[in-house]
Amino acid sequence: SLIYENHIRRVLSVFGSQAIMSTALAVMVPWLLYGIHSASSTRRKIVLSTALLVTLGGVFFTYVRAGWLGVALAIVVMVALSPATRRVLLPLLPFAVVSGIVAAAFVIAPGVIEQRLTSDQPVSYRLQAWQIAWEIFRQSPILGIGYDNFGRAAAEQFGWNPHTAIMVGTLPSA
């Protein structure tokens, strides 16, 4: 894991990126929803519901806004397109809202979430990376610089090392 911003510890996972971990978890949400409403026994529904809650928690704690959006869109699409899912999820909506309010009030520090949602450091980091990538592309538009050489080229040519900047927990400013 790494310290990201002031109070957020991001888990990098075995893939080396919290975005990949968030994607892998978010993709499971529609499948778990489908499994819950198509399960034949109550025991299976409980197991799949527990897996869904753990998966949603995992997506939340990756602190990847795109993962959060992906889960929200998956749930909206499932509710809109699947009457069976709608029958299961709509009665649970008040419970989900109350659980969210309790979690926000007592478990999760709202300042941390607000800081993550309003942070401009990831945007400026990506803009800087895209500027450097464009310059590197202009130098060698046909053959490129080779697989996984962006960090090395950015450090050598522009003095900007994205790997070191991320591992110490701070993002470079634009």
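Details of the structure are given in the entry above.
Residues numbered from 1 in each chain as written. Predicted model: local features only at pLDDT ≥ 70, side-chain atom pairs only at ≥ 80, totals over all residues. Heavy atoms only, no water.

A.B. asks: Sorry if this is basic, but what is going on with the overall build of the protein here?
C.D. replies: A count of helices and strands for the protein gives 8 helices and 2 strands. Its helices and strands taken in sequence order, the protein reads β-β-α-α-α-α-α-α-α-α from the N to the C terminus. Counting across all 174 residues of the protein, residues that qualify as buried make up 30%. When the accessible surface of the protein is split by element, carbon and sulfur atoms take 69% of a total near 11400 Å². (Helix = DSSP H or I, 4+ residues; strand = E, 2+ residues; numbered from the N terminus. Buried < 20%, exposed > 50% of the residue type's maximum accessible area, 1.4 Å probe, protein only. Areas by Shrake-Rupley, 256 points an atom, 1.4 Å probe, with all protein chains shown as cover.)

A.B. asks: How do you make sense of the pattern of salt bridges when you look at a structure like this?
C.D. replies: It is possible for side chains bearing opposite charge to pair when their charged atoms get close. As enumerated under the stated definition, the model contains 2 salt bridges in all. A salt bridge links arginine 138 to glutamate 135; the shortest N-O distance between them is 3.1 Å. In this pair, arginine 138 and glutamate 135 are both assigned in helix α6 (residues 121–139), 3 residues apart and thus about one turn of the helix distant. Between glutamate 156 and arginine 152 there is a salt bridge, and its shortest N-O distance comes to 3.2 Å. (Salt bridge = Lys/Arg side-chain N within 4 Å of Asp/Glu carboxyl O.)

A.B. asks: Looking at this structure, how should I read the packing of aromatic side chains?
C.D. replies: Pairs of aromatic rings are described using the distance from one ring centre to the other and the angle between the two planes. This structure, assessed with the given rule, holds 4 aromatic pairs. Pairwise contacts between aromatic rings join Phe60, Phe61 and Trp68 into one cluster. (Phe/Tyr/Trp six-rings, centres within 6.5 Å; stacked < 30°, edge-to-face > 60°.)

A.B. asks: Quick question: what am I supposed to make of helix α1 (residues 18–38) here?
C.D. replies: Note: α-helices contain 3.6 residues per turn, so residues at a spacing of three or four share the same orientation. Taking 1.5 Å of rise per residue, 21 residues should cover 30 Å, and α1 covers 31 Å from first to last C-alpha, within 8% of that figure. The largest bend in α1 amounts to roughly 30° and is located at valine 29, with the proline proline 30 lying one to four residues further along. Residues Gln18, Ser22, Ala26, Val29, Leu32, Leu33, Gly35 and Ile36 constitute the buried set of α1. (Expected span 1.5 Å × (residues − 1). Bend = angle between axes of the 7 residues up to and from the residue.)

A.B. asks: Hey, could you run me through the nonpolar core in this one?
C.D. replies: Side chains that are nonpolar tend, in soluble globular proteins, to be buried together. Ranked by size, the top nonpolar core spans 13 residues in total, and within it Val29, Leu33, Leu52, Val59 and Val71 carry the most contacts. Contributions of two or more residues to this core are made by α1, α2 (42–61) and α3 (65–81). Top contributing element to this core by residue count: α1, with 5 residues. Among residues more than four places away in sequence, those in contact with leucine 33 are Leu52, Ile75, Met78 and Leu89. Counting 7 residues, the second-largest nonpolar core is a separate cluster that includes Tyr125, Ala129, Ile136 and Ala153. (Core = buried A, V, L, I, M, F, W, Y, C linked by side-chain atoms within 4.5 Å. Contact = heavy atoms within 4.5 Å.)

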